[in-house]
Structures are given as structure tokens and as C-alpha cells.
Amino acid sequence: AMDGQVPKRRVTGQQKFLLFAGVIMPAISITTEATTHMCAESLFDPIPTTWHLLMVIFVPLAQLHVWFTIRRGATERLTLAGWANALTIGISLFYSFLYLPLLPIAALMLLFGIGLLPLAPLLSLVASLVMRHKLSELGSRAPQKSLAVTKRGVFIGLAAVVVLLGLIELPATLTRYGLQMATSGSPVERAEGVRFLRKYGNESYLLLNCYYRTGWPTDFIGYLLSEKDPVSPVEAREVYYRVTGETFGTSAPPRRVGGGNFLPEDELEFDEEQGGMQVGARLRGLSLRSSTIDASADGDGGVGYMQWTMSFRNDSAAQREARAEIQLPPGAVVSRLTLWVNGEEREAAFAGRAKVRQAYQSIVNQRRDPVLVTTTGRDRILVQCFPVQPNGGVMKIRIGVSVPLLLDYRTRALMLLPHFNQRNFRIPDDVRHSVWIESKNALIPKYPALVGGQPSRGVYALRGELRDQQLATSPVNVARRDSTEQVWGRNPFEGSGHIVQQVVEERRHKHLNRIVLVIDTSESMRQFTQEIQLSLQALSIDFDVKTVFADSNSRYEAYAKGLTVASGREESVAALGMADFAGGADNVPALVKAWELAAEKPGHNVIVWIHGPQLLQLEPVDRLKQRWERPHGPLLYSVQTKPGPDEIEKSLDAVQEVKRVPRVGGLQKDLANLFAQITGEMPSFEFVRTSGKVEEYPQFFATETSDHLARLWARDEVVRLLSTRDESLTEAATMLAVRYQLVTPVSGAVVLETAEQYKAAGLQPVDAGTVPTIPEPEMLILLVIMGIFMVWVVYQKNRRSGNGGCTV
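Bear in mind that the values here come from a model prediction, so they are computed numbers and not experimental data. (Residues numbered from 1 in each chain as written. Predicted model: local features only at pLDDT ≥ 70, side-chain atom pairs only at ≥ 80, totals over all residues. Heavy atoms only, no water.)

### Examining the overall build of the protein chain
At step 1: Scanning the protein chain from terminus to terminus reveals 23 helices and 28 strands.
At step 2: Residues counted as buried form 53% of the 808 residues belonging to the protein chain.
At step 3: Put simply, of all contacts in the protein chain between residues at least 6 apart along the chain, 78% involve residues at least 24 apart.
At step 4: Carbon and sulfur atoms make up 57% of the accessible area of the protein chain, which amounts to about 38000 Å² in all. (Helix = DSSP H or I, 4+ residues; strand = E, 2+ residues; numbered from the N terminus. Buried < 20%, exposed > 50% of the residue type's maximum accessible area, 1.4 Å probe, protein only. Contact = heavy atoms within 4.5 Å. Areas by Shrake-Rupley, 256 points an atom, 1.4 Å probe, with all protein chains shown as cover.)

Put into C-alpha cells, the structure is as follows:
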């Protein structure tokens, strides 16, 4: 010190301990958990939000400042160090209590040298208390006494931490409280809970409760509120749908602080729906690799055929089942199913629905190669294929669909394309659906997504690559001759001489007394308000209109009492403008109310249900089915505003009074056309098919079309048999569907890998020669040339025979 230099202070053993326990261990613990989520994946998440992360980062930084203050005896920093230490004591105490259940395990792990991380909060608390004592000693030597280093300062710091934690935990606590209300036994309290969650709830925390590992472990107050009556994940999923209008399975899991999901990857990767009858959530690593749709259309015959070939890729480390719900064109039916096994095409076996599903599930358990197609509602099919092999494995399938065209006018038909309603795989941004449609009639796309052309004389084509969302919005106009009133097609399933006849019938609805509108008030409907209002202007101002609004707040879900009802066109338009669109509405009570309103007035009345996708069925539809089991019930026209699943309509599949309205344009135009048709102002045109022998049509000179006419007739006949609600006819409907190789509500199609598997399941794959195909244009030309050549050969042979075999 004689040369003016300050001597270095020796670091004592106690100071080394304080530096290790108060600074180094907390820093290591925080860094490890924030980057690896070790504790979050195995036990609970100690830092669920950014605010929690900032709070725990404060601890080692504050401890380091206090450590230097004590070591240097810097009384000028005493106040800042005192308040920092007081806050650190509160935070360390909170996390020590949180980790208290882990202390016995940590102590045991110390024997193996790996137990210090769970002890970090306790070590930090011990270090902060020792530092507090040192600060008090330093404060006693300071020229001015600081409140920060007194006992009162400690209590102020603890109170500040309690307030801080309360603010951080407030969203979780409010959400937990709202969940308790929303799952109450009282309808009124449930409605209040849903409204409370929409206003004050935390969506990430609400979504987290939909999984089996739920809640923030730091939310002590919320935990105490729900300890006696915890909310199950199933209940939380319904509440999540009511609040947000989305399902938990289609929503990305909430993200952790520092990256990664709140839930462990093995839970996210576990497929609960494998082999089941639900599409389920998206699976990591499973994607659509390619997609092509080849189609042919006969405008004069009013029929078409499509083949949708798709392949799936699995980049995960486990086998995956690809599942999708596909919306078919109205009245369409699956008539072919193919699976590629080791590069070879394998055709499906058609059998009763239960039989093919049992065969599929048994093979899924063996980890072999089946694909299954069954219906899952009107004009909807469920496609399942397993296994898509891991680490880049690919599985390729083809679905053939016989399609009736829709008559827009006598001289124009429409072909709609199939599209996904739900899927458990992602579609990469660079993957498009490659579409190619051919016809002998002129083809005109309604939207410019498809490009027209004429590859050869007399053949028209449309081609293009569509995004997934465009499949549902790209109908194609197919020209037809006005004089084509009836057509016929050979029936290859009934033997020689059997045909199916089809005629065009113009229909006008009989006098309509009342229209009851049901408006879905889910969040997804908000954007369609103006179009619905404008479409109502198509109705006469004095027409009897009743409008029922589905209550998205679920206030009247019991017996549909008190639902908002508007009378007349003008009142309905005004009420629509004031309607509250939020979350996911339960439409079943509103449909029950609409049935009552339609049935209270004698005569012909209809219900028009305008709704978005019904992602979740919140209550059974038994009350609706009960009403339509009686004869002479009102017709229900279902108008869905955008593509997606419809769980309510799926449950009403057997009710023939439910009519799905195909979407071919904008909502306003489609509704205006529907109103004009059901009120009798505009006719509708329908194809009517009958089956018989050639002898039954002695003066039959109609145009011939493809044998898909027979498949469509059989599909209609199956629906007719099932609509009688006579269980004794179910077997006849099943036998008819199987004979015609169709997927219907009573039949399905399955492809298995080996002949032994078919034999064990009691199934027989169809003959490859009986499945429908789409010949390439070059093949058609080749067949024509070969036909002409064969006729010439036969002619020459007969000519020689007539000349006695002499040659010149």
C-alpha cells in the first residue's frame, strides 16, 4: 500500500459458496431449462411465460450485484443491493416451494452426482438469506441507515414479489376460473363462463388444458380454485371450441419460452386416432407428397368419372396412418380403390362396412399395408391408409369416383371437384393438385385456375395446378345439347341386355307457406353477414319468413327456449346486422326451434340452415332425429359457407329430409337461386334413373353414355332402401352396393397386402378388368384404329369365303 496501490482482497470460502449457490447454480439451471426444457418435458414447466423467464433471470443478476457490494463493502450501493436482495429472497422462496416435492429425488440423485439442478432454487434462497445478513452488517457501518436492508425492507420486497407473481399469474388464474364456470351444471353459468373466457381468458392456457398434461404449475391460486372440481381435457376441448370457434386438434400447441411446444414431442407424436373413425390432429412429419386428379365428363349423358391419385410421405421416426375426410361432389360414389404395394397396383375388396373395417383394423395391428374407404356423412368419405413408413417412406393410393353432373340449365351441366374437409397431414407450400379434365363437350372453367385446350379433334380439355383451397371453389361448366332429354348406359353388373335409362325432369316446388332460416353465429360466419342480407332481398317483403339465430353464448342450449327469432324479411335483415358472431355456436337447439316453427303452420314449409363448418358436435342430435322420424316433416336445406367438416350433418346422414345444397358460386348467388327454386319462381332440373332390360324400351333411340350410369343408379337405390328406415332392407342394400362395387353407408372398400390376408378376412378383391378407368387420348385413338383394322380383317375373310377361297 506504500506505493499507492489498493491491496487485493482475498476471496473467502463463504464468498465462494455465495457466488456458487447464488449466481452460478441459478444461471446454469435457468440456461439448461430454457434451452432443453428438461423439467417441462418430464414433470412441469417452471418458466411457462416470458414474464417468468425475466423474473428468474433477475435472480443471478441481482445476486451478482449483491455479492460484489458485500465483497467490496460499497455502502454507496447498499440501497440498490438491499432491494435487489429482498426481491431475490421472494422469488427464490417461491421457486423453492415449487420444487419442494422434488427435493427427496434431488437428494437421492446427489449420490450419483446429478442432483444439483433441482436444488438451485433452495441454494439460491440460502445464499440470498446469508447475503441479507451480510448487508445488514454492512448497513450498520454505513453513515445513513437504509430501509432496504432492514426487516421491513424484506417484507416490502416479499410483498412486491407477491404482487408481481399475481400479475404474471392473473391470465392463468382468470382462465382457470372461467373454465370452472364454463363447465358448470347450470346453463346460465356456462354461458357466463364462455363470455368471461372470451373477454379475459388466455387462449394458450385454455388450449393447454385440452391436453392430458395441463395447467401452469406456478398458478397456485387457480389450482386452489379448481382442486375440488378439476376440468377434464374433454370438457376443456368443448369450451375451447365455444370460445375460439376452432378445435384443439387443428390448433398448433402453444409454444414454450425459448422454442418448442408446451407438450413433450412424444405426446404430440402419439396418434390417439390410429385405426379409428376420426381424422384427429395433424401429425408431425406426415405430408402430402403428390396429388393428381384425372377426370372425364359426358355433358350429354350427365355423368363423369374421376381418379384422385395421391401419395403420402412420412419424415418422422415412427409409422404413421394418413387420414382424411374428403367431400365428394353431390350424389357421387366411390367405385374404385387402388393401393400400390412394392410398385404394383392392388385393387380393393368391397364388402359390408363392419367387415371391411374389421379387416383393416386387424391388419393395422400387424403393421402391414391396408387402405380403407368408408362414408362419413352425406357425400363425404373417410380415407385411411397405414403404414406410411418412417424416415422418408411413401404410400400411394388412388380413389375412383363416379360422378353425376349437376344440371345448371338444360344446355349446361356442372362438374364439381372433390376436396379435403379434414386431414391429419400437412400440404407443403410447393405441392399443388394437378387437375386434368377431358370431355367431348366444351369445357368452361368458372374461375381462371384451369386453362382450356383442345388436344385433339372432338376432345376438349382443362388442366391446371390448384392449391388445396381452390379445389372446393373451381367448378367446371360442361356444355350439353338441349335436345338430350334421355340417355342410356349398359349395366355390366346385371348381365346381358340390362341397361339404365336416365331422363331429365323439370321440377317446380309446390306452394311454399313458410321459410325458417337458421343462422349459425360462430365466428367463421361474420364475414358472410352482408351476402346473407343481400340474398334475403330476393324474397318478397310479405313472404312468411322466420329467422332463428344459433346462440353462440350457449345461453339457451337447454330445450332451445328463448332463442332470438326474427319475423319477416326486413326484421331478419336488421337482426342479422346486430347479431353477435363469436366462438363456436351450438346449432342443434336452433335447428330444433326451427323445426317447431316450420311445423306449427300447416302446409309445405322448409328450413334453410346457413352455417359454417361444424367442427364439434356439442350435444346429441337425438331430439332432431326424433322429429324427423315422423312423416311429413319439413325439408332442411343445409348451406355451408366454406369447406370443412360438419359433425351435425354427419349425425343426420340417415335423414332423407336433409338436403345438402352444393356450392357452385358466391354465397349470395347460391342462396338467391335456392330461394327462387323453393318458392317456385325458378325451375330446377334433375336426372332421374331407372334400371331394366332393353325389351322394356322397344322404341328406345336415346344417346348412349358410360356404364357409370349403372353405378349411380345403384347408389341411388341403396339410398332409397335405407330411407325406408326398414332394417330388413339393410341387407339387400348392402348386397346391392357390394355387387356394384360401391362405397355407401352400408359398404366399404379395403385393400390388403396379400392373398392370405384377404382369405383370413373372408374378402375377395375385385377383378382388375371390372374397375372403371380413364383411357388416355392416345389410347382411344389406338383402340379406334385397331377396331377399324379388325373390321377390315373380318370383311376380307368373309369376302374370300364368298369367292370359294380363290384369290386373284
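### Considering helix α16 (residues 588-599)
At step 1: The first and last C-alpha atoms of α16 sit 17 Å apart over twelve residues, in line with the 16 Å expected at 1.5 Å per residue.
At step 2: Among the twelve residues that make up α16, nine are buried, leaving the element largely enclosed by the rest of the structure.
At step 3: If you check which residues of α16 are buried, you get Val-588, Pro-589, Ala-590, Leu-591, Val-592, Ala-594, Trp-595, Leu-597 and Ala-598. (Expected span 1.5 Å × (residues − 1).)

### Describing the side chain of Asn-209
At step 1: Mapped onto the fold, Asn-209 is located in the loop between α9 (203-208) and α10 (220-226).
At step 2: Asn-209 sits in the buried class, given a relative accessible area of 5%.
At step 3: A polar side-chain atom of Asn-209 sits 2.8 Å from the main-chain carbonyl oxygen of Tyr-205. (Polar contact = N/O pair within 3.5 Å; in protein donor to acceptor, adjacent residues only side chain to side chain.)

### With respect to the packing of aromatic side chains
The geometry of two aromatic rings is summed up by the distance between their centres and the angle between their planes.
At step 1: According to the stated counting rule, one finds nine aromatic pairs in the structure shown.
At step 2: Taking the centre distance of 5.4 Å and the plane angle of 75° together, the rings of Tyr-177 and Phe-196 count as edge-to-face. Pair noted here: Tyr-177 is in helix α7 (residues 151-182) and Phe-196 is in helix α8 (residues 187-200), with a separation of 19 residues, a long-range link.
At step 3: Accessibility expressed as a relative area gives 18% for Phe-196, which makes it buried.
At step 4: Aromatic pair Trp-713 and Tyr-740: ring centres 5.9 Å apart, planes at 55°, arrangement tilted. Of the two residues, Trp-713 is situated in helix α20 (residues 708-723) and Tyr-740 in the loop between α21 (730-739) and β28 (747-751); the sequence distance between them amounts to 27 residues.
At step 5: Of the residues examined, Tyr-740 reaches a relative accessible area of 0% and is grouped as buried.
At step 6: A cation over an aromatic ring shows up here: Lys-396 above the ring of Trp-340, its NZ or CZ 4.4 Å from the ring centre. (Phe/Tyr/Trp six-rings, centres within 6.5 Å; stacked < 30°, edge-to-face > 60°. Lys NZ or Arg CZ within 6 Å of the ring centre and 35° of its normal.)

### Concerning unusual backbone geometry
At step 1: That bond from Phe-386 to Pro-387 is cis: its omega, -5°, falls within 30 degrees of zero.
At step 2: As for its placement among the helices and strands, Pro-387 is situated in strand β8 (residues 380-388).
At step 3: Unlike most non-glycine residues, Asn-391 shows phi in positive territory, near 55°.
At step 4: With respect to the helices and strands, the residue Asn-391 is situated in the loop between β8 and β9 (393-404).
At step 5: For Asn-391, a relative accessible area of 64% puts it in the exposed group.

### Focus: the nonpolar core
At step 1: Residues Ile-326, Ile-399 and Ile-437 are the most contacted members of the largest nonpolar core, which totals 67 residues.
At step 2: Apart from residues lying up to four places away in sequence, Ile-399 is in contact with Met-306, Gln-307, Trp-308, Met-310, Ile-326, Val-334, Arg-336, Leu-337, Ile-381 and Val-383.
At step 3: Core analysis: the second largest hydrophobic core is formed by 28 residues, Phe-549, Ala-575, Leu-667 and Ile-678 among them. (Core = buried A, V, L, I, M, F, W, Y, C linked by side-chain atoms within 4.5 Å.)

### Notes on the sheet that holds strand β7 (residues 371-375)
At step 1: With respect to topology, six strands assemble into an open sheet ordered β6-β28-β7-β8-β3-β12, the strand pairing being antiparallel. Two strands in the sheet have a free side with no partner beyond their single neighbour: β6 (349-352) and β12 (419-423). Across the sheet, the mean angle separating the axes of adjacent strands is 25° when strand polarity is ignored.
At step 2: Examined bridge by bridge, β6 and β28 share four bridges and lie antiparallel to one another. (Pairing = 2+ DSSP bridges. Axes fitted to C-alpha atoms, helices over the stretch in contact; angles between N-to-C directions.)

### Looking at the pattern of salt bridges
At step 1: Applying the stated criterion across every chain, the model contains 34 salt bridges.
At step 2: Here Glu-321 and Arg-323 are joined by a salt bridge, their closest N and O atoms 2.6 Å apart. Considered together, Glu-321 and Arg-323 belong to a single accessibility category, that of buried residues.
At step 3: For Arg-715, the salt bridge is made with Asp-379, and the minimal N-O distance between the two is 3.5 Å. (Salt bridge = Lys/Arg side-chain N within 4 Å of Asp/Glu carboxyl O.)

### Thoughts on the packing of helix α3 (residues 50-72) against helix α6 (residues 120-140)
At step 1: Contact geometry of α3 with α6 gives a least axis separation of 10 Å together with a crossing angle of 35°. Every pair of crossing elements has a handedness; the one defined by α3 and α6 is left-handed. Facing α3, whose interface residues are Val-59, Gln-63, Val-66, Trp-67, Thr-69 and Ile-70, α6 presents Ser-124, Ala-127, Ser-128, Met-131, Lys-134, Leu-135 and Leu-138.
At step 2: Across the contact of α3 with α6, the residue classes tally to eight nonpolar, four polar and one charged. (Left-handed = near helix turned anticlockwise from the far one by under 90°. Nonpolar A, V, L, I, M, F, W, Y, C, P; charged D, E, K, R; others polar.)

### Some words on a nonpolar patch on the surface
At step 1: There is a patch of nonpolar side chains on the surface, built from Phe-20, Ile-24, Ile-28 and Leu-116 and spanning about 300 Å² of accessible area.
At step 2: Position of Ile-24 among the secondary structure elements: in helix α1 (residues 13-36). (Patch = residues over 30% accessible without salt bridge, like charges linked within 9 Å, V, L, I, M, F, W, Y side chains within 5 Å.)

### With respect to the sheet that holds strand β18 (residues 486-490)
At step 1: The sheet built from four strands is open, its strands ordered β26-β19-β18-β27 with mixed pairing. In this open sheet, the two strands that pair with only one neighbour each are β26 (684-693) and β27 (703-704).
At step 2: Here strand β19 (residues 498-507) runs beside β26; their pairing, made up of ten bridges, is antiparallel. Bridge assignment links Val-503 to a residue of β26, and that residue is Val-688.
At step 3: Seen against the sheet, α20 touches β18, β19 and β26 and runs at an angle of roughly 100° to β26.

### So, the pairing of strand β11 (residues 412-415)
At step 1: Summarising the sheet, strand β10 (residues 406-409) and β11 pair through three bridges and their orientation is antiparallel. Within the sheet, the bridge partner assigned to Tyr-409 lies in β11 and is Arg-412.
At step 2: Two successive antiparallel strands, β10 and β11, enclose a turn made up of two residues.
At step 3: In this sheet, strand β17 (residues 476-479) lies alongside β11 in antiparallel orientation, the contact comprising four bridges. Bridging across to β17, Leu-414 finds its partner in Asn-477.

### Remarks on the environment of Leu-709
At step 1: Structurally, the position occupied by Leu-709 is in helix α20.
At step 2: When its relative accessible area of 0% is taken as the criterion, Leu-709 is described as buried.
At step 3: Sequence separation between Leu-709 and Val-487 is 222 residues, and the spatial gap between their C-alpha atoms is 9.3 Å.
At step 4: Each residue touching Leu-709, except ones within four places of it in the same chain, is listed here: Gly-301, Val-303, Val-487, Trp-488, Gly-489, Val-500, Gln-502 and Arg-689.

### Description of the environment of Leu-116
At step 1: Looking at the element boundaries, Leu-116 is found in the loop between α5 (103-110) and α6.
At step 2: As a C-alpha pair, Leu-116 and Met-25 span 91 residues in sequence and 7.9 Å in three-dimensional space.

### Points about α7
At step 1: The terminal C-alpha atoms of α7 lie 44 Å apart, and with 32 residues this matches the ideal 46 Å at 1.5 Å per residue to within 8%.
At step 2: The largest bend in α7 is about 50°, located at Glu-169, with the proline Pro-171 one to four residues further on. (Bend = angle between axes of the 7 residues up to and from the residue.)

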